[in-house]
Amino acid sequence: MPSLTQSNIGGTPPIDPELPFGGRGDGDSGRGSPNDGSTRAASMTAMVVVMCASVMTFGALLSAMVIRRGLSHDWHKLPLPKILWYNTVALILSSILLDLARRMLRKNKRRYFNPLWTAGTVFGTLFLVGQFVAWEQLAVGGFYLAGNPSSAFFYVMTWAHAAHVVGALLAVYYVEFLALKYELGTRGRTWVSASTLFWHFLDLMWLGILALFVFWA
Amino acid sequence: MNLSHHRTVARLYFWLSLGSVLLGVLLSLVMRFHLVYPSTSVKLFQFLWPTRAQGGVMTPELYLSLLTLHGTVMVFFVLTLAPVNAFGNLMLPRQLGATHMAFPRLNLLSFWVSLASFFLLVGSVLTEDGGPLSGWTAYPPLSALGAITGPGEGLGQTLWFFSIAVFCIGALLSSINVIATVIDVRSPDMPLMQMPLAAWNWFITAILSLLSFPVLLAAGLLILLDRLAGTSFFIPTGLLIADYKSPHTGGSPLLWQHLFWFFGHPEVYIAILPGMGIVSTVLSAFSGRRIFGRRAMIFATMSIALLGLLVWGHHMFTSGLNPWSAIAFSVLTMAIGVPSAVKTFNWLATLWLARGNLRLTTPMLFALGFVSIFVTGGLSGLFLGQPNLDAYFHDTYFVVAHFHIIMGVAALFGIFAGTFYWFPLLFGKMLNETLGKVHFYLTFILSYATFLPMHFAGFAGNPRRYADFTSFDFLAPIIPLQKGITHAAFALAAVQVIFLFNLVWTLWRGSAAPENPWGTNPDNGEAY
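Since the structure is predicted, the reported quantities are computational estimates derived from the model, not experimental observations.

The helix and strand inventory of chain A stands at 5 helices and 0 strands. Along its sequence from the N terminus, chain A presents helices and strands in the succession α-α-α-α-α. Every one of the 217 residues in chain A was classed for burial, and the buried ones make up 41%. For chain A, long-range pairs separated by at least 24 residues make up 69% of all intrachain contacts whose partners lie at least 6 apart in sequence.

Rendered as structure tokens:
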């Protein structure tokens, strides 16, 4: 491959014929996918970028909460439904199971993948169902979105988190679909890594939200 | 036809931005006319807005709704989309030694999302009550309370917020693509520091988008809840509007300003940084040498972006900011002058070292025009960055002059430079050079004729955002100046017909561009 020199900076660099899509290729196959050109490395980078965007979104909500609480005297502590703790256990369990599945796949212990991933998917779904129950219990207890700012921020943050969970669950279901059909190829494995990484991120985000409302809000 | 090909996506963004800029310019002409001839009856106004311009004279509310649409269309759909999404999509893979963006289908999706946002925005002005009145900054509490605050503040304002929220998602999808493309699809033989300056600017712009648009999205969602679900994030206690007492309690309008400007100031750099990259490319190409202090240019871009994230408070000097905070924001704002000066002097040094070899093609003229306008607009920023001066200038035409020059005209000159330079890559044809040069010289002169006198109107205390200031005695001496501005603005808009004719004629009848249309030397760091 002709090397890039100082002289042709700013222009059109040569394209390596060995890398037909111009990139570093897929981590598994050494090639980009001919379907849409995306690569494993690019997918993982995109996942990190998405996480940065989520951190900024929640950072904005958190700073809004800090300012809103500091500016007024109408803040009341929100009694958290007990089911949130069970939901937390379900989320962490799902994270552990999905990661175990990913590790088994990496070690070529393919037969362990499906049961572990399915179990992780079930616990992840349970978390989401549990969140709906928690919102229902809060509403029954008279804590609405339009009520005290503490409940307003609780709903906003948990809804935003749940929206992320729904997106992640779609990816996890997609992997489940591929895995059950035994079509977990190179792209499928990229989905496994990316969705597991994001699922761990959702754990951290949830623990942060929970800690915020338990200890501070 | 492969719609997700990066060049096709670039074209789609180009057309969306072109349509948006035409809409924005037409709106500005209507507003400029109304400002200086507020009681003149215009049949066209009555035809367009039968209920809000009865007798051909527009109401102040109609003026404010046009102001809102103009600002929103220009900031989001022209200055945000054209520099990064149109030219970035066109050139980034090519400059990085790749043939595609990292996620082509996601790339196309981000365009459709942006288009949906555009339609939501257009929908916001087509509601029964008309468009929202709150300007592109949509300050609460008036923007958060609903229809009680005026016509267009009901469904129109709600649709406006939805439009912005959807736009944020489109911008985020786009920034994911640019960042992943630069990091992972770049040729393995290209270290980051050897990446072309334009690519560096698109990369840093994408990072700025990534860090700022989520904050606007969060703020937009909170204000939508205030409007639709009865929450009180931004609406204070005991607000009385006409005979209506707001039931909201405890919210803070200042909170919106913090969140909005945390996005809003980086947005200025999202608009201008890609233009700087395009200018660096074009100046290098037509001066026949590498940009002087190339490494310093990269670090200056990084510094501008970093400082740009830390200076949102200078938009709030008159909002009741703690004076100590104001000093901190002021110092940081002034500090942006340093990397900006580094860039400017490096461009000038490049030109100086290449003297004798300069080729004054149309893109080169627009790049030179960019440097001039960037300096002019930057200098007025030094005034506004000081809290004591801003206290006087903040609500005057001085600010209108400043941001139109630095954010509007400078960025548009960058877009024009990119359009002329890369037109052969966009559409395979060359725009006419003679028409291009005539278009440049007239645009350059008339841009200054339109926006420079606004500084003087600002000195005289001429307030901005007013639909009619002709009845104020103290502004009577300024009215002839304002009329001059309006005439210059109409002339400036008329001159753009030359560009449109050039564009349409070239696409219709133009012959195919040669392989190296600008005759640049590919071995001399100036390749096309």
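This is not the end of the story, as more comes after the structure.
Before going further, it helps to examine the overall build of chain B. Within chain B, the regular secondary structure consists of 15 helices and 2 strands. Here the C-alpha atoms of chain B give a radius of gyration of 23 Å, agreeing with the 24 Å that 2.2 N^0.38 yields for 528 residues. Overall, the C-alpha framework of chain B stretches about 75 × 50 × 45 Å when taken along its three principal axes. Long-range pairs, those at least 24 residues apart, make up 81% of the contacts in chain B with a sequence separation of at least 6.

Residue and element names in this part refer to chain B. Given a rise of 1.5 Å per residue, 17 residues ought to cover 24 Å, and the 24 Å separating the end C-alpha atoms of helix H10 (residues 337–353) matches this to within 8%. All buried positions along H10 are accounted for by Pro339, Ser340, Lys343, Asn346, Trp347, Thr350 and Leu351. Along the axis of H10, the buried residues cluster in a sector spanning 135 degrees; they form a single face. Residues of H10 that are exposed and angled more than 90 degrees away from the buried face: Val338 and Trp352. Where the residues of H10 are buried, they touch helix H7 (253–287), helix H8 (294–308) and helix H11 (362–384).

What follows covers H7(B). Residues and elements named next belong to chain B. In this model H7 runs 50 Å from its N-terminal to its C-terminal C-alpha over 35 residues, within 8% of the 51 Å that 1.5 Å per residue would give. The largest bend along H7 measures about 30 degrees and falls at Trp261. Looking one or two residues beyond H7, the residue adopting positive phi is Gly288, at roughly 70 degrees.

Here the focus is the environment of B:His439. All names here are of chain B. Within the element layout of this structure, His439 appears in helix H14 (residues 433–459). Since 25 C-beta atoms lie within 10 Å of it, His439 is described here as buried. Residues His439 and Ile164, spaced 275 residues apart in sequence, show a C-alpha to C-alpha distance of 33 Å. Ignoring any residue separated from it by four or fewer positions in sequence, one finds His439 in contact with Val495, Ile498, Phe499 and Asn502.

All names here are of chain B. Remark: H10 packs on H11, axes separated minimally by 11 Å, with the N-to-C direction vectors making an angle of 160 degrees. Regarding the angle of H10 to H11, the classification is roughly antiparallel. In this structure, the crossing between H10 and H11 has a hand that is left-handed. On the side of H10, the interface is formed by Gly337, Ser340, Thr344 and Trp347, while H11 contributes Val371, Phe374, Val375, Gly378 and Leu382. Its residues assigned to classes, the contact of H10 with H11 shows 5 nonpolar, 4 polar and no charged.

Within the largest apolar cluster, 216 residues are counted, with the highest numbers of intra-cluster contacts made by B:Ile179 and B:Ala417. If sequence neighbours within four positions are ignored, B:Ile179 has contacts with A:Thr45, A:Val49, B:Phe203, B:Ala206, B:Ile207 and B:Leu210.

This paragraph deals with the environment of B:Leu210. Looking at the element boundaries, B:Leu210 is found in helix H6 (residues 197–228). Its 21 C-beta neighbours within 10 Å are what place B:Leu210 among the buried residues. Once the C-alpha coordinates of B:Leu210 and B:Leu475 are considered, the two residues, 265 residues apart in sequence, prove to be 43 Å apart. Not counting the four nearest positions on each side in its chain, B:Leu210 is found in contact with A:Val49, A:Cys52, A:Ala53, B:Leu172, B:Ser175 and B:Ile179.

With that out of the way, let us pick up the confidence of the model for chain A. In this model, chain A carries an average pLDDT of 85, and 82% of its residues clear a pLDDT of 70 or more. Contacts from residues 1–37 of chain A, a stretch scored under 50 in pLDDT, to residues over four places away or in other chains number 91 contacts.

Residue and element names in this part refer to chain B. The interhelical angle for the contact between H7 and H8, taken along N-to-C directions, is 170 degrees, at an axis separation of 9 Å. As summarised for this structure, H7 and H8 are arranged roughly antiparallel, according to the angle between their axes. Between H7 and H8 the crossing geometry is right-handed. Where H7 abuts H8, its residues His265, Pro266, Tyr269, Leu273 and Ser280 lie against Met297, Thr301, Ile304, Ala305 and Gly308. Split by residue class, the contact of H7 with H8 holds 6 nonpolar, 4 polar and no charged.

All right, on to the confidence of the model for chain B then. Regions with low pLDDT carry predicted coordinates that are not meant to be interpreted in detail. Looking at chain B, the pLDDT average stands at 94 and 98% of residues meet or exceed 70. If you check the scores for this complex, the pTM reads 0.93 and the ipTM reads 0.93.

We now examine unusual backbone geometry. Note the cis peptide between B:Pro140 and B:Pro141, where omega equals 10 degrees. Residues other than glycine seldom take positive phi values, yet A:Tyr182 does so here, at roughly 55 degrees. Among the structural elements, A:Tyr182 can be located in the loop between helix H4 (149–180) and helix H5 (186–216). For A:Tyr182, a count of 9 C-beta atoms within 10 Å gives the class exposed. The phi torsion at B:Ala138 lies on the positive side, around 45 degrees, for a residue other than glycine. By secondary structure assignment, the location of B:Ala138 is in the loop between helix H4 (104–125) and helix H5 (155–185).

About the cut-offs
- Residues numbered from 1 in each chain as written.
- Chains lettered and ligands numbered in written order.
- Predicted model: local features only at pLDDT ≥ 70, side-chain atom pairs only at ≥ 80, totals over all residues.
- Helix = DSSP H or I, 4+ residues; strand = E, 2+ residues; numbered from the N terminus.
- Buried ≥ 20, exposed ≤ 12 C-beta atoms within 10 Å, placed from the backbone.
- Contact = placed C-beta atoms within 7 Å.
- Rg over C-alpha atoms; globule rule 2.2 N^0.38 Å.
- Expected span 1.5 Å × (residues − 1).
- Arc of directions from axis to C-beta.
- Bend = angle between axes of the 7 residues up to and from the residue.
- Axes fitted to C-alpha atoms, helices over the stretch in contact; angles between N-to-C directions.
- Parallel < 35°, antiparallel > 145°, perpendicular 65-115°, else oblique.
- Left-handed = near helix turned anticlockwise from the far one by under 90°.
- Nonpolar A, V, L, I, M, F, W, Y, C, P; charged D, E, K, R; others polar.
- Core = buried A, V, L, I, M, F, W, Y, C linked by C-beta atoms within 7 Å.
- pLDDT = per-residue confidence, 0-100.

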